Each structure stands twice: as structure tokens, then as C-alpha cells.
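Next come the chains, spelled out residue by residue.
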Amino acid sequence: MEMELDKKRNEEETTSKTKEELLLRELAVLKLGLDRNAKPPFVMKYSEESGRGLIANKYIKTGEIILEETAAVWGPKASGACCLECSLELYEVSSFHFCTLCHLHFCSAKCCSLHQSSECSEMQKLSINTESLESLTKLTLAILVLRCLFLPQTDPQDWIRLRLLQDHVEERKDTKLQKLCQDVLVNYLRDIGLNRNQISDNEIHQVCGILDSNAFESKTVDGVESRAVFPLSAMVNSSCLPNMTHVTRTDRKMVFVATRDIQEGQELFICYTGTRWGNITRQKHLLLTKHFLCRCPRCLNPTECNTFISSIKCPDCE
């Protein structure tokens, strides 16, 4: 009996060491998005409850910058046609500047000159239609997915970073969201010539899952919206009582700043939803987009930590 227990303990220790080694390797890859000399004040650990997460390995003061990361992929977040570089929305085909080689659309010659030659080469393999605003809108909605799918050719290092993220393909299977992606996005990509033998439908759905679960959204002071994936930043778990806030700078780096003192050994958190949303709204959003229900102290407290944000005010009380 004692020998069996010793064997079990040894197996658990081996499994634990294997997980730690795997997390160290993953963190090394994820750090490729940081400055070479950066020394982030955290380690990555795994828990059965919340998966991978970042844990402070030193005392962090309020206001201290914790992380600065470049995006693995970047694109517009718009319901209409917009510049594929700066995300500025335009309303007439004549307002766009087109790349003479790949036919991607931009707001100006300057923005056109900024798009990568490697991306241009891959886009030239597609049959991109630039004749109508509708066709430009469809490409705008699909461009971020295309940029992800072409990363193995355009930037293999960023592709490795991206592939470490969860795609939740199984959870999305047979859902309205998956059907929408198939009917709208996958079919459009096939129409413009994305080769099924080179990139399968499932691979497209995996990228869609990665984007829906991990992409960050940003908005400029002028209201121009974008989406981007910062793989290391995506390792930060959510709490409705976060200890960090984040902002996307004009140089397109994601920056995390401590909003309170963080002790060594504490987990780092941001809020995946609006902190001013009520409990039901937050939980619905997290279940639909991130595939989990939050069990942070605020969500488990009926008064939401005495904020009463979800409460209904009695009309007879002051």
C-alpha cells in the first residue's frame, strides 16, 4: 500500500514538473512580443479552475507598468468599409486608395505604403473584388482572419505566439456563432480564392475562435475602432474586481498598469467586461464570448460588494 502511494506521489510530481516546464517554454514564446530587455514582474502558472494565468513574482506598486506588448496581428473593427491600415471608415469607393499589386484598400497612399510586402504577396494569390462598397466591406470584415491565416508565411514568429491561444472550437461547434462564421466568412474566403487544400474550414474556424476569445478592442479619441491579438496579454485572467487596467497606445502596444498594490504571489487580473455592467449582463457576455462563468468575489456577492449595480431602486425610497 505504501509503495503504491509513493508511486502515485512520484507520478504527480513528474506531471507537475512537466506542466511547469511546458509553461516555462510557452512563456518564453509569448515573451517574443516584448522588448528584448524587458523583465516582466510575473510568472505563468496553471490552475484547474482558470487555466493559465499570470502571477506576480514581486511586489507591484499602484501605477506601475506591468507589461508592454506588440500585437501578433492587427486589423479594423468596423461594420463598414474602412482603411485596412488605420481603420478609418470611408463611404465611397472613390475615396479609397488601392494597392496596385494586391488590391487591398486604404485611405491614402501613406497607409498603403505601410502594409507589409509579405502580406501583399499573399493577398495577390486571391481574387479580390474592389468594384463596390459591399465587396470592400466584406473584405474589411475578413481581413483580420486572413492576416492570421497568412502569418505562417508573413511572420512565423507571430504565428507561433498566436497558436498558443485557446480557440474553443469544440464549445462553438453546432452553435449559431459557428454557423454564422461558416455562412458569411468561410464562404466569402472561398469565393475570393482561398484554397481549401491549403487551409481547411476547420483551420478558419480555429482562427475565428482565437479572435473571438482573445482579441482586444481599442478606440481612438476620434472613435476609430480596431481589433488586435496580444498573445501574452491574453494570458491575463478576468475578475470583476481587477487589479490592472489596460490601454492601447498610438504605437499599437498594449500596456497594463497596476490599479492597486499587488503583493508577490497574487494573480494579475483585468476585467473582460464593462466594470459598470450588472452581474447578469457580465455573465451572459462571458459565457457567450469566453465560454466561462465568472466566480470572482464580486460575482458571488449578492450586493456585488455593496455596489448594488444590478439592484432595482425602490420608487418609494429616497
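Whatever comes next refers back to the structure up there.
The rules behind the values
Residues numbered from 1 in each chain as written. Predicted model: local features only at pLDDT ≥ 70, side-chain atom pairs only at ≥ 80, totals over all residues. Heavy atoms only, no water. Pairing = 2+ DSSP bridges. Helix = DSSP H or I, 4+ residues; strand = E, 2+ residues; numbered from the N terminus. Axes fitted to C-alpha atoms, helices over the stretch in contact; angles between N-to-C directions. Buried < 20%, exposed > 50% of the residue type's maximum accessible area, 1.4 Å probe, protein only. Parallel < 35°, antiparallel > 145°, perpendicular 65-115°, else oblique. Left-handed = near helix turned anticlockwise from the far one by under 90°. Contact = heavy atoms within 4.5 Å. Nonpolar A, V, L, I, M, F, W, Y, C, P; charged D, E, K, R; others polar.

Asks: For the sheet that holds strand 4 (residues 73–76), give the residues involved together with the corresponding values.
Replies: Reading across the sheet, the three strands line up as 4-8-7 and stay open at both edges, with antiparallel pairing between neighbours. Two strands in the sheet have a free side with no partner beyond their single neighbour: strand 4 and strand 7 (216–219). The average angle at which neighbouring strand axes cross in this sheet is 25°, direction not considered. Pairing of strand 4 with strand 8 (residues 225–229) involves four bridges; the strand directions are antiparallel. Bridging across to strand 8, Pro76 finds its partner in Ser226.

Asks: Would you mind going over unusual backbone geometry in detail, with residue names and values included?
Replies: A positive phi is found at His168, a non-glycine position, where the angle reads about 55°. Residue placement: His168 occurs in the loop between helix 6 (156–163) and helix 7 (169–172). Residue His168 is classed as buried on the basis of its relative accessible area, which comes to 12%. Phi angles above zero are rare outside glycine, and Arg252 is one such case at about 70°.

Asks: Go over the packing of helix 8 (residues 176–191) against helix 9 (residues 201–214) with me, naming the residues and quoting the values.
Replies: One way to put it is that helix 8 packs onto helix 9 with a least axis distance of 10 Å and a crossing angle of 120°. Between helix 8 and helix 9, the crossing angle belongs to the class labelled oblique. You can see that helix 8 and helix 9 cross each other, and the crossing is right-handed. Contacts between helix 8 and helix 9 involve Leu177, Gln178, Cys181, Gln182, Leu185, Val186, Leu189 and Arg190 from the first element and Asp201, Ile204, His205, Cys208 and Asp212 from the second. Classifying every residue of the contact of helix 8 with helix 9 gives seven nonpolar, three polar and three charged.

Asks: Report on the pairing of strand 8, specifying residues and quantitative values.
Replies: Here is the key point about a regular strand: its side chains alternate between the two faces of the sheet. Counting buried residues in strand 8 gives four out of five residues, a clear majority hidden from the surface. Two strands pair when backbone bridges link them, and strand 7 and strand 8 are joined in this way by four bridges, in the antiparallel orientation. Within the sheet, the bridge partner assigned to Phe216 lies in strand 8 and is Ala228. Linking two consecutive strands that pair antiparallel, namely strand 7 and strand 8, is a turn of five residues; a positive phi of about 85° is found at Gly223 within it.

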